[in-house]
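# Understanding the architecture of this molecule
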Amino acid sequence: MITNLTVSRALAQGKLIVAVDASRPEDDPFKLNSALLALLQADIAALENDDANSHASEGNRGEANANVRNALEKIESALRAGYAGIESILGDDLAENGISPAARLATFTTYGWEKGNLGRFNDSRVLMLAELAQQGATTIANPAWRYSPAIVTVISTQLDIIDAEEPEATTGQRQVSIAERNEALDQLRTRISRTRFYYCSASDDLDSTKELAKISFQPRRPASAAPAPAPTPPQP
């Protein structure tokens, strides 16, 4: 079953791909071509629009809906704390191991804070930011710039609650908007898959390239070494 969390995960990965691509120089072999990038951005916008329409027709379903709402509020509080943590890191002009303005903006962007701004919090955006928060351990190189483990734990716990409660909390009267949203989701997933193949073809490392980890794909691990042959028995 496709849930709002499923949609948010796809949006989070799509936006992460766009953010990582924007930081690549033009001669980077992993920089997406303009046609694929344009399709990816259009699919993200289409899914966000269809997802917003599906939320507009969502009804309330008692306790399950209350549990989902409570979880979303806790996630939002944790996200605000994570944002404040990045903002509070001393600048490189104040501390030896501080963060530069460019690195701070890049960290904000990787976590989904476009242009370093908090912005408005609606359900879809909270879920998308939550997914990016979980990816910070692999997408942000400097551990000192990541959200604290406590913040990530809160977010992960509340996402599990939403995943369990959401099917019961939503109504069955949104067939048309849900169908449109799911179609847009399939299209975005296709573009994301194309991006993975693009990365695999950009170097001789193929699907073992570490660049895949930057866009939330698991690089293929090399096969373990073959066991050493048994020693030859002594000759009589």
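Predicted model only: the values in this text are computed from it and were never measured.

Inspection of the secondary structure puts Lys31 in the loop between helix H1 (4-22) and helix H2 (34-56). Of note is the side chain of Lys31, whose polar atom sits 3.2 Å from the backbone oxygen of Arg24. Those residues in contact with Lys31, other than ones at most four positions away along the chain, are Asp21, Ala22, Arg24, Pro25, Glu26 and Tyr198.

This part covers the pattern of salt bridges. Two side chains bearing opposite charge may form a pair once their charged atoms approach each other closely. Here the structure, examined in full by the defined rule, presents 11 salt bridges. The salt bridge partner of Asp123 is Arg69, with a shortest N-O separation of 2.8 Å. Separated by 54 residues along the polypeptide, Asp123 in helix H5 (residues 123-139) and Arg69 in helix H3 (residues 62-88) bring together distant segments of the chain. Under the relative-accessibility criterion, Asp123 is labelled partly exposed at 24%. Taking the relative accessible area as the measure of exposure, Arg69 reaches 37% and is therefore partly exposed. Among the charged side chains, a salt-bridge network with shared partners connects Arg24, Asp28, Glu211 and Lys214.

What follows concerns the confidence of the model for the chain. Caution applies to low-pLDDT regions: their predicted coordinates should not be interpreted in detail. Averaged over every residue, the pLDDT of the chain is 87; residues scoring 70 or more account for 88%. Confidence scores differ between elements of the chain, with helix H6 (residues 149-169) showing the lowest mean pLDDT of 88 and helix H8 (residues 211-214) the highest of 95.

Residues Leu40, Ile75, Leu79, Trp113, Tyr147, Ile155 and Leu188 are the most contacted members of the largest nonpolar core, which totals 54 residues. Within the residue set of this core, elements represented by two or more residues are H1, H2, H3, helix H4 (101-110), H5, H6 and helix H7 (175-200). Looking at which element gives the most residues to this core, the answer is H1, with 9 residues.

This next bit is on the packing of aromatic side chains. In the structure shown here, the tally under the stated rule is 5 aromatic pairs. Measuring from centroid to centroid gives 5.1 Å for Tyr83 and Trp113, while their planes differ by 75°, and the two rings are edge-to-face. With Tyr83 in helix H3 and Trp113 in the loop between H4 and H5, this pair connects stretches of sequence that are 30 residues apart. Of the two residues, Tyr83 and Trp113, neither departs from the other in class, the shared state being buried. Residues Tyr111 and Tyr147 carry aromatic rings whose centres are separated by 3.7 Å and whose planes lie at 5° to one another, so their mutual orientation is stacked. Within this pair, whereas Tyr111 is found in the loop between H4 and H5, its partner Tyr147 is found in the loop between H5 and H6, the two being separated by 36 residues in sequence. An identical accessibility class is assigned to Tyr111 and Tyr147; each is buried. Ring pairing ties together the aromatic residues Tyr83, Phe108, Trp113 and Phe121, which thus form one cluster.

Reading the values: the criteria
- Residues numbered from 1 in each chain as written.
- Predicted model: local features only at pLDDT ≥ 70, side-chain atom pairs only at ≥ 80, totals over all residues.
- Heavy atoms only, no water.
- Helix = DSSP H or I, 4+ residues; strand = E, 2+ residues; numbered from the N terminus.
- Polar contact = N/O pair within 3.5 Å; in protein donor to acceptor, adjacent residues only side chain to side chain.
- Contact = heavy atoms within 4.5 Å.
- Salt bridge = Lys/Arg side-chain N within 4 Å of Asp/Glu carboxyl O.
- Buried < 20%, exposed > 50% of the residue type's maximum accessible area, 1.4 Å probe, protein only.
- pLDDT = per-residue confidence, 0-100.
- Core = buried A, V, L, I, M, F, W, Y, C linked by side-chain atoms within 4.5 Å.
- Phe/Tyr/Trp six-rings, centres within 6.5 Å; stacked < 30°, edge-to-face > 60°.

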